[in-house]
Amino acid sequence: PSLNSLPPPTPFPKRKQPKKMATLREWNSQFQKLMDRMTDDYILEQEIEFTELAQLAKDFVHTAVTIGKIIIQERHLPPASKTIQPKQMGGQAGGEKFISHNIMWKFAVDSHHGFFGTDEYAAKACSHELLGLTYIHQFKGDTDLHVPLCCLVDYLGFRLIAMSYLPISKKTLVVGSGDCGGTVEMKDEELNRRLGILAKRLNLKTHTVKTLFNGMSHPLHTCFDLEGHKGDDGRYYVIDCARLFPAEPPDPTIRNGHLYRMLRPELVRTNRVPLSSDVYLKLASHDKKSMDEVSNAFRRLRLKVIPKFAAWLDSHQPTDSQPPLSHESPTMDKEQRQEKEDLLFKSCRLALSVAESELGDKDGMKKVKSPQDMERVEYQNLGQATSPDIIRANLSAYLHMNGVNVRHLGRVRSFTKSVYWRSGL
C-alpha cells in the first residue's frame, strides 16, 4: 500500500496537568484558635469545640506517626538519600531534627556531648517534655501560656518527639536560655509574670541563675532552659520544659541523673514548701536550704508516700487470696479489658474533679488551700472501692496519681505485706 493510503497517526493524548499540591495543614493555628474558643466557664456547652479538638488531635497523631515511622526506617541512610532531609536547628541535646507538613520531629538519642549517657535516658527526657507541656496547658486559663500539639512516636526501638511547627525563632526568645545557659534572656516582664503564676500553681520556687558567658544573675520562676517566646502571631509560647519539675537528689553512680530523674508533679504540688527546678545545676545560685527542701521532699516520698501507698495496695486484694489475674489472661476478653480501663479513667477523673473542688480563688487564679489538703483529697479518693485486677492492670497510673515514680516500684514492694501484691510486683 502507498503512504497516502495509511490511516493518519493517532495523536498523543494531552498530558494531564499535575494537580496542585494541597495546602499544608496549619496544625498550630487551628489548635490555638480552638483553645481560645474554649473556656472553663462554659465547658459543658462546648460540644462542638471538643469534637473539633478531638478530630484535630487524631489527625495530628496519625500524621506524626505515619511520617515518623518513615524517618525512623531511614535513620541509617545518608542525609542525601532520606525522604525527609534533617534540619540544622541548634540545640545542645537530642538528635537530628526534621520538618515536614508543619510538624517538627526530634530524635531522642544521646548524640551530643554524652548528656544523658544512653539513648534510653534521652527517651525518658522526651517523656518529661510531654509531661511538662501537659501541665503548662492544664493551667492555660490562669496563665494564657500556649504550647504546641505534641506526641511521642515509639517505633523499632527508637523514640521521636513530634510537635506542631510554631511561629517562633531565635529572635522571638524573650525569657530563658536557648544556648544551654550561655546567656539567659529576660526581655518581657509580662511573660515573666505569667511564668510566676505558673510556678505558684506547680509549687515551684523562684531562684537565681548565673549565665556561663558573663556571670550575670537572673531570677527565674522555672528551669533556666525553658524557652519563653513571643510568637509572630502575638501569643506567648513555652517550649523545652523537660526539666520543669525538680530532680531527685543526685546519685553519684548515675550520669547526669538530674536531667531525667525528676520528682513527680503530684509530689511537688503537695510539698509543704516550693521547690526549685534548677537546684542541682552548677549555674544556679542556691543556698543549702533550697537543696535541703528537695532532699526533704525526696525523703518524704521514700519514708511516707511510698509506705502509705503500699498499705493501700495491701487493703485491696482478693478475699480468697488466689493468685493475681494477669491483665492479659485468656479468661479476660477485649471487652472486659476495655471496661476495666474505662472504669479506671472515670475514677481518675473523679479524683481530679474532687481535688479541683477543694481549690480556692486568690488573686484571680485557682490555688490549693494547702499541700496537706491536696494530699488528703488524693488519698481520700484512693479509698474508693477498686478491683485489685484494675489496679494491677493500670499500676503505673495509680503510682503517678500519688507522686511515685515507676522506678521506685521495688521499694513499694518492700513495704507491701500481702502475698498477692508481693508475688505480682
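Residues numbered from 1 in each chain as written. Predicted model: local features only at pLDDT ≥ 70, side-chain atom pairs only at ≥ 80, totals over all residues. Heavy atoms only, no water.

Asks: For this particular structure, what's the right way to read the sheet that holds strand β2 (residues 97–100)?
Replies: The strands making up a sheet associate through backbone hydrogen bonding, with each pair oriented either parallel or antiparallel. Read from one edge of the open sheet, 5 strands run β1-β2-β3-β5-β4, paired in antiparallel fashion. Edge positions in the sheet fall to β1 (86–87) and β4 (150–155), since each has one partner strand and no second. Strand contacts of helix α3 (residues 119–138): β4 and β5 (158–164), with the helix running at about 25 degrees to β5, the strand carrying the most contacts. (Pairing = 2+ DSSP bridges. Helix = DSSP H or I, 4+ residues; strand = E, 2+ residues; numbered from the N terminus. Contact = heavy atoms within 4.5 Å. Axes fitted to C-alpha atoms, helices over the stretch in contact; angles between N-to-C directions.)

Asks: Please explain α3 as it appears in this structure.
Replies: Given 3.6 residues per turn, any residue in an α-helix points the same way as the ones three and four places further on. Relative to the 28 Å expected for 20 residues at 1.5 Å per residue, α3 spans 29 Å between its end C-alpha atoms, a close match to the ideal helical length. Taken together, the buried positions of α3 are occupied by A122, A123, A125, C126, H128, E129, L131, G132, L133, Y135 and I136. Residues of α3 that are buried in the fold lie against α4 (140–143), β4, β5, α5 (189–202), β11 (236–239) and α6 (265–269). (Expected span 1.5 Å × (residues − 1). Buried < 20%, exposed > 50% of the residue type's maximum accessible area, 1.4 Å probe, protein only.)

Asks: Which parts of the structure should I look at to understand the packing of aromatic side chains?
Replies: What describes a pair of aromatic rings is the distance from one ring centre to the other and the angle between the planes of the rings. Inspection of every chain in the model, using the stated rule, returns 8 aromatic pairs. Considering the side-chain rings of F98 and F107, the 6.1 Å spacing of their centres and the 70 degrees angle between planes classify their relative orientation as edge-to-face. Judged by relative accessible area, F107 falls into the buried class, the value being 1%. Relative to W421, the ring of Y420 lies with its centre 5.1 Å away and its plane at 85 degrees, an arrangement referred to as edge-to-face. Its relative accessible area of 0% is what places W421 among the buried residues. What links up through ring pairs into an aromatic cluster is the set F98, F107 and F158. Residue placement shows R75 over the ring face of F107; its charged tip is 4.8 Å from the ring centre. (Phe/Tyr/Trp six-rings, centres within 6.5 Å; stacked < 30°, edge-to-face > 60°. Lys NZ or Arg CZ within 6 Å of the ring centre and 35° of its normal.)

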